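A closer look at the structure
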Amino acid sequence: MRDLFYDLVRRNGMAVSIYLMLAVSLWVFILIILPQLTMLDYSFRFNLPPAKIGGPEDVYTLEQYRYFFQGSGASDGLNTLDIGILFKTLLAAVFVTVFDLIICYPVAFVLAKSSTGAKARLLVLALIVPYWINEILRAFAFRILFGATGVINETGMGLGLWDTPIDFIRQDVALYAGLAYAYILLMIFPLYNAIESLDRNQIEAARDMGANWWQVHAKVVIPYAKPGIASGMTMVFMLTSGALAAPQILGGPSNLWFTQLVYQWFNSGGNWPRGSAYAMVLLIVCIALVLLVMRLFKVSIGEIKQ
Amino acid sequence: MTKEISLEHVWVEFGEFTAVHKANLNIAGGEFFSFLGPSGCGKTTLLRCISGFQEPTRGKVKIGGQDMRGVGPNKRPTALIFQNLALFPLRSVADNIAFPLEVRGVDKKTRRKRADELLELIALPGQGDKKVSELSGGQKQRVAIARALAVEPDILLLDEPLSALDLKLRQHMRTELRAIQKQVGLTFIYITHDQGEALTMSDRIAVMNKGKIEQIGDGKAIYDHPTTSFVASFVGENNVLDGTVLSNDGKVMKIDAGLGTPFTVENHPAGGPALAPGDACHLFVRPEALRLSKDDGAINQFETNFITEEFEGNMRHIVMNASGTDLKLSLINDGTNAIDANTPVKLDFAPEMGIALKPGELASA
Amino acid sequence: MRMKSPTALIPGLYLTLFFAYLFGPLIIMVITAFNSSTFPRVSPWECFTTDWFGKLASDDKLLSGLGNSLLIGVGVVCVAIPIGLAAAITLSQVGPKLRAALYTIFIAPILVPGVVIGLSTLIFWDRIGTLFNAPYESFFYDGTFLTIFGQVTFIAAYSMLVFLSRIQRFDTTLTEAALDMGATPTQAFVKVLLPFMAPAIGSATVLAFLASLENYNTTVFTIVSSSTFTTVLSSKVRYGLDPSISAVAVIIIAITLIGAIIYECRNRYYTKGWAHVIAERPALKIATHPGTVAVILGVLTLAAVLFIQNHDSSVCTAQVLEEKRALQQQLMEQQSINTPQQAVPAPTMPNLGPLGGDEGGASAPSPFGNNIFSPENLGTSAREGN
Ligand SMILES: Nc1ncnc2c1ncn2[C@@H]1O[C@H](COP(=O)(O)OP(=O)(O)O)[C@@H](O)[C@H]1O
Ligand SMILES: [Mg+2]
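Everything quoted here is computed from the prediction, not taken from an experiment.

1. Some thoughts on the overall build of chain C
Counting its regular elements, chain C contains 18 helices and zero strands. Sequence-distant contacts in chain C: of pairs separated by 6 or more residues, those separated by 24 or more amount to 68%. Surface exposure of chain C reaches about 18,600 Å², of which carbon and sulfur atoms provide 68%.

2. Section: the interface of chain A and chain C
Tallying the contact residues gives 93 residues for chain A and 94 residues for chain C. Of the roughly 8,600 Å² buried where chain A meets chain C, counting both sides, 74% is carbon and sulfur surface. Sorting the residues of chain A by area buried against chain C places Trp27, Trp132 and Phe140 of chain A first, and these three jointly supply 9% of that buried surface. One salt bridge in this structure joins Glu214 of chain C and Arg138 of chain A, with 3.2 Å as the shortest N-O distance. Connecting chain A to chain C are 16 residue pairs in polar contact (both at pLDDT 80 or more). For the side of chain A that touches chain C, the element with the most residues is helix H2 (residues 14-42) of chain A, which contributes 17 residues. By residue class, the composition of the side of chain A that touches chain C is 67 nonpolar, 16 polar and ten charged.

3. Notes on the UniProt feature "transmembrane region" (unreviewed entry) in chain C
All names here are of chain C. The positions that UniProt labels "transmembrane region" (unreviewed entry) are, in the present scheme, residues 12-34, 70-89, 101-125, 145-167, 188-211, 245-265 and 286-308. In this annotation, residues 145-167 is assigned 100% helix and 0% strand; the end-to-end C-alpha distance for the span is 31 Å. A helix fraction of 100% and a strand fraction of 0% characterise residues 188-211, whose end C-alpha atoms lie 32 Å from each other.

4. Thoughts on the pattern of salt bridges
Residue and element names in this part refer to chain B. Per the counting criterion, the structure on display carries 27 salt bridges over all chains. Between Lys62 and Glu8 there is a salt bridge, with the nearest N and O atoms lying 3.5 Å from each other. Taken together, the residues Lys62 in strand E4 (residues 58-63) and Glu8 in strand E1 (residues 5-14) connect sequence positions 54 residues apart. Of the residues examined, Glu8 reaches a relative accessible area of 29% and is grouped as partly exposed. Across the pair Arg174 and Asp194 runs a salt bridge, and its minimum N-O distance is 3.8 Å. Residue Arg174 is located in helix H5 (residues 167-184), and its partner Asp194 is located in the loop between strand E8 (187-192) and helix H6 (195-201); the two are separated by 20 residues in the primary sequence. In terms of burial, Arg174 and Asp194 fall into one category: buried.

5. Some thoughts on the nonpolar core
Ranked by internal contacts, the top residues of the largest apolar core, which has 264 residues, are Trp27 and Phe258 of chain A, Phe35 of chain B together with Met160 of chain C. Sequence-distant contacts of Met160 of chain C, defined by excluding residues within four places in its chain, comprise Trp27 of chain A together with Gly84, Ala87, Ala88, Leu91, Tyr103, Phe106 and Ile107 of chain C. If you look at the next biggest cluster of nonpolar residues, it comprises 26 residues, including Val245, Leu290, Leu329 and Leu331 of chain B.

6. So, helix H2 (residues 93-102) of chain B
Burial of H2 of chain B is extensive: nine of the ten residues sit out of reach of the surface. Buried within H2 of chain B we find Val93, Ala94, Asn96, Ile97, Ala98, Phe99, Pro100, Leu101 and Glu102 of chain B. Residues of H2 of chain B that are buried sit in contact with helix H3 (108-121) and helix H4 (137-150) of chain B together with helix H7 (172-180) and helix H8 (185-214) of chain C.

7. Brief notes about the site of ligand 1
Residue and element names in this part refer to chain B. In the vicinity of ligand 1, the contacting residues are Phe14, Phe17, Ala19, Ser39, Gly40, Cys41, Gly42, Lys43, Thr44 and Thr45. Gly40 has a polar backbone atom sitting 2.6 Å from an oxygen atom of ligand 1. Backbone polar atom of Gly42 to an oxygen atom of ligand 1: 3.1 Å apart, as the coordinates give it. Elements that contribute at least two residues to the shell around ligand 1 include exactly strand E2 (17-27) and helix H1 (43-51). Looking at the shell around ligand 1 element by element, the count peaks at three residues for H1.

8. A look at the sheet that holds strand E12 (residues 252-256) of chain B
Hydrogen bonding along the main chain pairs the strands of a sheet, whether they run parallel or antiparallel. Residue and element names in this part refer to chain B. On the basis of which strands lie adjacent, the open sheet formed by five strands has the order E13-E12-E11-E14-E20 and antiparallel pairing. The two strands at the open ends of the sheet, each matched to only one other strand, are strand E13 (263-266) and strand E20 (354-357). For this sheet, the mean inter-axis angle between neighbouring strands, taken without regard to orientation, is 45°. Pairing between strand E11 (residues 239-248) and E12: four bridges, direction antiparallel. What sits directly across from Val245, in E12, is Ile255.

9. A word on the UniProt feature "transmembrane region" (unreviewed entry) in chain A
All names here are of chain A. Mapped onto the present numbering, the UniProt feature "transmembrane region" (unreviewed entry) falls on residues 12-34, 85-111, 123-153, 173-192, 236-257 and 277-297. Counting secondary structure, residues 123-153 comes out at 68% helix and 0% strand; the distance between its end C-alpha atoms is 30 Å. Secondary structure content for residues 236-257 is 55% helix and 0% strand, and the end C-alpha separation is 16 Å.

10. A closer look at the sheet that holds strand E10 (residues 212-217) of chain B
Residue and element names in this part refer to chain B. Taking strand neighbours across the sheet as the criterion, the six strands line up as E6-E7-E8-E3-E9-E10 in an open arrangement whose pairing is mixed. Here the strands that pair on one side only, and so sit at the sheet edges, are strand E6 (78-81) and E10. Averaged over all pairs of adjacent strands, the angle between their axes in this sheet comes to 15°, without regard to strand direction. Where strand E9 (residues 204-209) and E10 come together, five bridges link them in antiparallel fashion. Bridged to Met208 within E10 is Ile213. Lying on the sheet, H4 is in contact with E6 and strand E7 (155-159); it crosses E6 at an angle near 165°. Lying over the sheet, H5 contacts strand E3 (32-36), E7 and E8, oriented at roughly 160° with respect to E8.

11. Considerations on unusual backbone geometry
Glycine aside, residues mostly have negative phi, and peptide bonds are mostly found in the trans state. Although it is not a glycine, His9 of chain B adopts a positive phi angle of roughly 50°. Assignment of secondary structure puts His9 of chain B in strand E1.

12. Topic: the UniProt feature "domain: ABC transmembrane type-1" (unreviewed entry) in chain C
Those residues carrying the UniProt feature "domain: ABC transmembrane type-1" (unreviewed entry) are residues 66-263 of chain C in this numbering. A helix fraction of 81% and a strand fraction of 0% characterise residues 66-263 of chain C, whose end C-alpha atoms lie 25 Å from each other.

13. As for the interface of chain B and chain C
Taken together, the contacts link 24 residues of chain B with 18 residues of chain C. When chain B packs against chain C, the two sides together hide about 1,700 Å² of surface, and 62% of this comes from carbon and sulfur. Put simply, chain B and chain C have two salt bridges between them. Between Arg48 of chain B and Glu176 of chain C there is a salt bridge whose closest N-O contact spans 2.9 Å. Partitioned by chemical class, the residues of the side of chain B that touches chain C number 15 nonpolar, four polar and five charged.

14. Regarding a nonpolar patch on the surface
A contiguous nonpolar patch, built from Ile27, Ile31, Trp45, Phe48 and Phe307 of chain C and spanning about 470 Å² of accessible area, is present on the exposed surface. Here Ile27 of chain C lies in helix H1 (residues 10-32).

15. Examining the pairing of E13 of chain B
All names here are of chain B. The sheet contact formed by E12 and E13 spans four bridges and is antiparallel. Each bridged residue has a counterpart across the sheet, and for Val252 the counterpart in E13 is Glu266. The turn joining E12 and E13, which pair antiparallel and follow one another in sequence, is formed by six residues; a positive phi near 70° is taken by Gly258.

Thresholds applied
Residues numbered from 1 in each chain as written. Chains lettered and ligands numbered in written order. Predicted model: local features only at pLDDT ≥ 70, side-chain atom pairs only at ≥ 80, totals over all residues. Heavy atoms only, no water. Helix = DSSP H or I, 4+ residues; strand = E, 2+ residues; numbered from the N terminus. Contact = heavy atoms within 4.5 Å. Areas by Shrake-Rupley, 256 points an atom, 1.4 Å probe, with all protein chains shown as cover. Buried area = accessible area lost by both parts, 1.4 Å probe. Salt bridge = Lys/Arg side-chain N within 4 Å of Asp/Glu carboxyl O. Polar contact = N/O pair within 3.5 Å; in protein donor to acceptor, adjacent residues only side chain to side chain. Nonpolar A, V, L, I, M, F, W, Y, C, P; charged D, E, K, R; others polar. UniProt positions renumbered as here; feature names shortened; annotations may be inferred. Buried < 20%, exposed > 50% of the residue type's maximum accessible area, 1.4 Å probe, protein only. Core = buried A, V, L, I, M, F, W, Y, C linked by side-chain atoms within 4.5 Å. Near = heavy atom within 4 Å. Pairing = 2+ DSSP bridges. Axes fitted to C-alpha atoms, helices over the stretch in contact; angles between N-to-C directions. Patch = residues over 30% accessible without salt bridge, like charges linked within 9 Å, V, L, I, M, F, W, Y side chains within 5 Å.

Shown next, in the form of structure tokens:
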């Protein structure tokens, strides 16, 4: 640490080094690490009224985690409701991630390999513009689209595909479509960056040696773009499983997203320790899943970029 | 004012790797001194020790008799011209040149005046408001020099400043650099892997290999009397023969190189460690020292066969083979040197033109 | 001329479909902002109206939320940009091992769910506040401060990525040259590195501000009892769909498009090729200058605002209302004839939908009949129609 500071001072001078160290430590400790640790600590406590905090009853407990696994009953039955919601959330997030990968890969490829100059820049701009529009509004747009009298239902019924309005909201179709829409950009850009740096000659060489288009992608492009695919998938998965706005707006009334449970324990439930425990569960499960998949695909966290 | 520099047993180590190996030398004030060596031999590292970007792991760098340890690059009386020039791309030419004055708090008007003077010196008058990117390679080169001169340094350090230029410009800039040095009278320390540059410009040259200084001397000494096999093979073209010392009386040596009669070679006083009878040695003879024998029985005569010839107009570069060893031969194209490709040809060389040295690493061609 | 083979058309077709997915929902939302129906929808089309914009202008909650959002956005930029810059510079100067470790820490806030960041920020400052026995009015419990801290946690990481991609192209010998020329390390930083980073500081600022403005997941926790533009919008959406939300979208989309157009014009204007073209043609030079484009767009915007303020759709809406009343009358008569049968004739429903309020969403799953026939409801929509 002292060496590091000495080195920074030698390169940047005292004033700038102090700024660098101060800004970085502020961020890392005050904004990132300490709050997470406090939340971790909080998740191991009872939900006490403010007066009793720090008193004799304020001891560590596994109660909040036990609740997640076993529910309110003292019996050893499982809390199938909450565990089920967690699984459903993760499964849906995986689904959304894979869906995004499938629809974005061709776009990224075409963008990276067939467009040049002004055209490519315009296409990239067209990709970004929808993401300057508020997340809530994007969800709202899907609400309109998939409503009982929305464009989808009207068109479907107009074409005679079905004759009573389908409740897309209750079926979670609107939610999945909205979530997939929400994070498309975070999938496209890592893919685009990865594929763009691939030498065109490699593709042509593969073609030349008799590979068909499917083999070119499977044997040349996809292995090369693996870090991009990994970071895109990680981003989309983490953001989807941690999404709150879209499930609140597009989710069916009985179908909760796991983040909504956290929100409920916090707001209406008034139980911060339990909310913390649920948040920790979400965080740990998601990170574990991502690390596992990364291990399987042999990519490292350091390769994640935007 | 100029200051002398001395390096006292300077070592630079990066972990296990030794980049500079016990460098020991003195550079006089006002001298044009070059470090010459293949790429990766530690020249830049040594220069960074002088300019203050690198502290030696052992040893001392003294400028004007003063130990420089702990003195930052901005406090040393040196100015460095970087290998890539390092001109500030966002500043105009004049602002680049005036940068040293700006950071010393000189007011704007004086700065501009000084920048214009320096632009005059480097023959780019009135170009101060251009962007750096609008200059040609040679102009950038000169701006970098002007910027370094604006520091009013005692010592100017130049790290392969001409390597990015094309051949013509490079040759032109050699003369120009030397002229600028004469004009401003500063100590120049010049780094290059190009022996032509080193030989034409320098007062003295240090030849380096793998972090070690192999030889220090003026151009003539280095070319005519190399003291190690590396220097002999790196500086200029050379033919090398493996041989064994038969006798050494301090003035002349007899050397058996397996080409008939033993060769007679003068023993130069600066020729490195003495060779004793029975020692293996490298015998160097430069292509221009080899000549076609006029008469049989001349000293150091041996028989060769013609291989190929490369014609260059004024010179003829010929490759001959002597018992399995290829030898290069440079002859002036004066019409007297006819060679019959089908019969053996006798060559010889003068005893003072052969150089016998302890076998050592040779520079790869 | 040679015909393109059908397979060569596939990429184009795919891109078209993809961009339809991207823009379709937004376009539909924009259209609904101009339909006088009280439920945001495209069909049936009732009347072209600009009244929903008027309704926005008088929405105090939304406006005060917007005020808070702008304040928070400025705060976030002021804190996150220096932090992101410091982080990127630090990363560029440390050894590879420490660099990898730091990078993982720095990048983590982007991957951690926003909900978790919001929660932990709230708890952390609450604990600190308790530790110092701070009163409830102190900043430890203040929504604006907490939201700035919470958002900076991950927005600093975004800006760090922007800075990192720029600093990777920085030639470190420039700093060495400055030092060699006698600059102090601080001078080298200020005169060489900072100017080089300036464009990245610009784009990181825009990015950070927009990210702050649109954030919901973290903000909804840290904002406590206050509100931001996004949280107000979210509660509006959740407690009843209303075309004035579409009107918000129209405004935001318009601003975005104007920004994008000016940005693109600027890019084109400063390309080498274009500089060549306009060198000899002053008129073209002025006409394509991004400033000119900005002025034209500004005038168009002003015209749109004036149009919105002055457009009157009351005649049309009154007529639609009248038709509905008549239909309702008819239905009631039918109902009285067909007693004791159920009154709701399914096939006519879609036509009556406009006054249906929420459509069985999460918040108010109302059976269709109730408020369609409620006279108050008709009254409200009539008043709003003016
Ligand atoms: N900071 C450093 N860390 C490790 N090795 C270095 C460093 N700087 C230079 N080297 C090594 O030292 C050797 C000499 O480098 P340099 O002085 O740049 O050579 P030259 O300028 O003669 O081409 C090279 O092998 C290079 O890889
Ligand atoms: Mg070098």
